[in-house]
Amino acid sequence: MTHTEVAEPHTAGLLDEITVAAASGRAIPDAATGETIGHAPVHTVDDLNAAIDAARAAQPAWAALSHAERSRILHRAADEIEAHAEELAQIIAREQGKPLNGPGARFEAGGCAAWVRQAADTVLEPEVLFEAEGTRSELHYAPLGVVGAIGPWNWPALIAIWQIAPSLRMGNTVVTKPSEYTPLSVLAVAALLNRHLPPGVLTVVSGGRDVGEALAAHPGLDKIMFTGSTATGRRIVESSAHNLARLTLELGGNDAGIVLPGTDVPAIAQNLFWGIFINTGQTCAALKRLYVHDSLYDDVVQALAELAETTPMGPGTDEGSALGPLSTRQQFDVVSRLVEEARAAGARVVTGGKPAPELGAHFYRPTVVADITDGVGLVDEEQFGPVIPVIRYSDLEDAVARANASAQGLGASVWSADVDEALAVAARLEAGTVWINQHGTLNPQVPFGGVKGSGYGMEFGREGLKAVSAPKVITR
Ligand code: NAD
């Protein structure tokens with residue numbers, strides 16, 4: 001493990017703005033060291049009610065602005081994020097733990113600005129549905145009203161922006177509830193937006209699960225954008241029976257990848273590795289089960305193990321780190337348990353398979369597990385950590401059937417030297433996105449969402465704007 005120069009954290013300005021005195025806040029630990037970064041405000045259900053009242057009051061004036069005016073404001077907010085991207089990245093790297101470099105904290109901070117700009121620039125024109133002599137029907141997209149946004153801890157700032165930016169663009173106001181593990185990243189990015197938004201248009205309620213529950217059930221809401229686990233998603237569906245809030249549910253994933261015979265293993269190795277280990281595996285649409293044809297099995301296992309052994313792991317703020325800690329103790333325990341169960345079931349731990357306590361309490365070595373098959377927790381459940389089970393197959397029909405046997409359906413990937421062959425397999429996989437020779441890459445103009453237990457509704461692009469709008473037909 002190489003530890004090169006440690007970046008000086010320059011978080012003082014933004015961090016001071018979003019944190020509160022120790023006596024009135026909750027200590028938020030650095031994921032790598034456990035040291036307190038700062039204290040997050042502890043908001044209550046009363047604070048939530050006040051935020052929703054303020055959002056309702058602010059919404060008509062915000063909706064009355066033209067699309068061009070809201071777009072100008074959002075671009076100014078994106079400029080603000082870019083101007084403070086390094087401060088934001090440092091907060092993310094410390095709180096969530098992802099390294100600054102590569103597809104890490106600087107990428108997340110830059111993505112926040114990029115997704116705000118994309119929402120600002122996407123246009124949802126009315127569509128002509130029917131036209132005949134003397135009559136014309138058009139479909140318009142009106143704001144819904146107040147959007148409640150509830151997010152997870154793994155890409156806290158970016159996922160908050162995915163929920164907030166399209167909602168604001170369409171003339172909604174937003175109350176957002178970050179994960180209790182990563183409130184600072186969301187408070188920070190929202191503070192930057194709020195330097196340009198009118199009061200009440202965007203409020204962060206930094207509370208626990210009780211506040212999330214109250215938000216999902218609140219009668220003053222028109223829409224819930226939820227990203228998190230499938231279990232919590234089900235609770236939110238139940239809450240929506242009462243307020244009839246529309247839902248976008250981005251839930252858990254257990255993405256399968258299939259490597260076809262004839263694939264050039266050295267050519268795909270880097271993409272394969274980062275499709276699995278991005279954010280140390282704590283990514284909804286990371287590759288979590290890899291099915292490899294018998295003819296390439298040993299080569300793929302070896303290529304992944306070599307990359308796992310040579311990719312530097314360390315604190316997120318260390319410029320040399322490419323992999324970081326697990327964000328929380330709970331996640332560390334999930335990963336450790338799944339590896340131990342796999343080992344007990346006879347699987348072969350090729351590399352890793354143990355914590356790295358010399359780096360910090362939540363570090364777990366990047367792990368490749370071979371000679372394993374379906375029916376073991378590490379294959380059947382979402383591990384959400386730096387561990388990949390590699391499953392051997394000889395019959396493609398069988399691999400496709402096993403990939404589709406999951407209750408989840410967020411992403412999937414096919415790896416092949418023959419794109420036509422890969423496309424034919426992609427058409428048969430049950431997932432919201434299927435990637436070819438890559439996994440988990442996202443584009444703000446290309447819609448993203450899951451099927452089956454991974455939820456419903458799409459984010460990004462025009463589809464994302466439609467999801468935070470009320471369709472309204474005007475006939476004359
Ligand atoms: P989680 O479901 O435990 O928590 C998510 C959020 O929901 C938190 O803010 C939490 O406070 C809140 N919450 C908890 N109970 C609630 C309730 N009853 N009502 C309303 N809100 C409630 O998920 P997590 O552990 O923070 O995130 C990890 C999960 O998120 C993984 O399963 C991952 O795959 C998934 N995820 C999905 C996507 C996607 O786009 N599909 C993206 C990132 C993460």
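Worth saying up front: this structure is predicted, and the values here are computed from it rather than measured.

Enquirer: Just to check I follow, could you spell out the site of the ligand for this structure?
Expert: The immediate surroundings of the ligand are formed by 29 residues, with Glu-180, Arg-209, Ser-229, Thr-232 and Glu-382 found nearest. Here Gly-151 contributes a backbone N or O atom positioned 2.8 Å from an oxygen atom of the ligand. In this structure, Glu-180 approaches the ligand through a side-chain N or O atom, which is 2.6 Å from an oxygen atom. When contributions to the shell around the ligand are tallied by element, the ones reaching two or more residues are α8 (209-217), β8 (223-227) and α9 (230-243). For the shell around the ligand, the class distribution of residues is 12 nonpolar, 10 polar and seven charged. When residues of the shell around the ligand are sorted by domain, at least three fall in each of domain 1 (12-251 + 454-475) and domain 2 (255-436).

Enquirer: Looking at this structure, how should I read the sheet that holds strand β17 (residues 433-436)?
Expert: In spatial order, the strands read β12-β13-β14-β11-β10-β16-β17; together these seven strands make up an open sheet with mixed pairing. Of all strands in the sheet, those bounded by a partner on one side alone are β12 (348-351) and β17. With strand direction ignored, the average angle separating the axes of adjacent strands in the sheet is 25°. Sheet strands in contact with helix α10 (residues 265-277) are β10 (255-259), β11 (287-293), β13 (367-370), β14 (387-393) and β16 (411-415), and its direction is about 145° off that of β11.

Enquirer: Please explain the side chain of Thr-311 as it appears in this structure.
Expert: By the secondary structure assignment, Thr-311 is in the loop between α11 (297-310) and α12 (329-344). Classification of Thr-311 as buried rests on a relative accessible area of 8%. A distance of 2.5 Å separates a polar side-chain atom of Thr-311 from the backbone oxygen of Leu-307.

Enquirer: Quick question: what am I supposed to make of the sheet that holds β8 here?
Expert: Remark on secondary structure: sheet strands pair via backbone hydrogen bonds, oriented parallel or antiparallel. Read across the sheet, five strands follow the order β7-β6-β5-β8-β9 without closing on themselves; strand pairing throughout is parallel. Of all the strands in the sheet, the pair left with one neighbour each is β7 (202-204) and β9 (246-250). In this sheet, adjacent strand axes meet at a mean angle of 15° when their direction is disregarded. Across the sheet, helix α2 (residues 45-64) touches β5 (146-150), β6 (173-177) and β7, and the angle it forms with β6 is around 155°.

Enquirer: Where do I start with α2 in this structure?
Expert: Residue pairs spaced three or four apart in an α-helix point in one direction, given the helix's 3.6 residues per turn. With 20 residues, α2 extends 29 Å between its outermost C-alpha atoms, agreeing within 8% with the 28 Å of an ideal straight helix rising 1.5 Å per residue. Along α2, the largest kink reaches about 35° and is centred on Ala-58; proline Pro-60 follows within four residues of it. Every buried residue of α2 is accounted for by Leu-48, Ala-51, Ile-52, Ala-55, Ala-58, Gln-59 and Trp-62. With a side-chain oxygen positioned 3.3 Å from the backbone nitrogen of Asp-46, the residue opening α2 is Thr-44.

Scoring rules and cut-offs
- Residues numbered from 1 in each chain as written.
- Predicted model: local features only at pLDDT ≥ 70, side-chain atom pairs only at ≥ 80, totals over all residues.
- Heavy atoms only, no water.
- Near = heavy atom within 4 Å.
- Polar contact = N/O pair within 3.5 Å; in protein donor to acceptor, adjacent residues only side chain to side chain.
- Helix = DSSP H or I, 4+ residues; strand = E, 2+ residues; numbered from the N terminus.
- Nonpolar A, V, L, I, M, F, W, Y, C, P; charged D, E, K, R; others polar.
- Domains from an automatic or database assignment.
- Pairing = 2+ DSSP bridges.
- Axes fitted to C-alpha atoms, helices over the stretch in contact; angles between N-to-C directions.
- Contact = heavy atoms within 4.5 Å.
- Buried < 20%, exposed > 50% of the residue type's maximum accessible area, 1.4 Å probe, protein only.
- Expected span 1.5 Å × (residues − 1).
- Bend = angle between axes of the 7 residues up to and from the residue.

Functional significance is not addressed by these values, which are geometric in nature.
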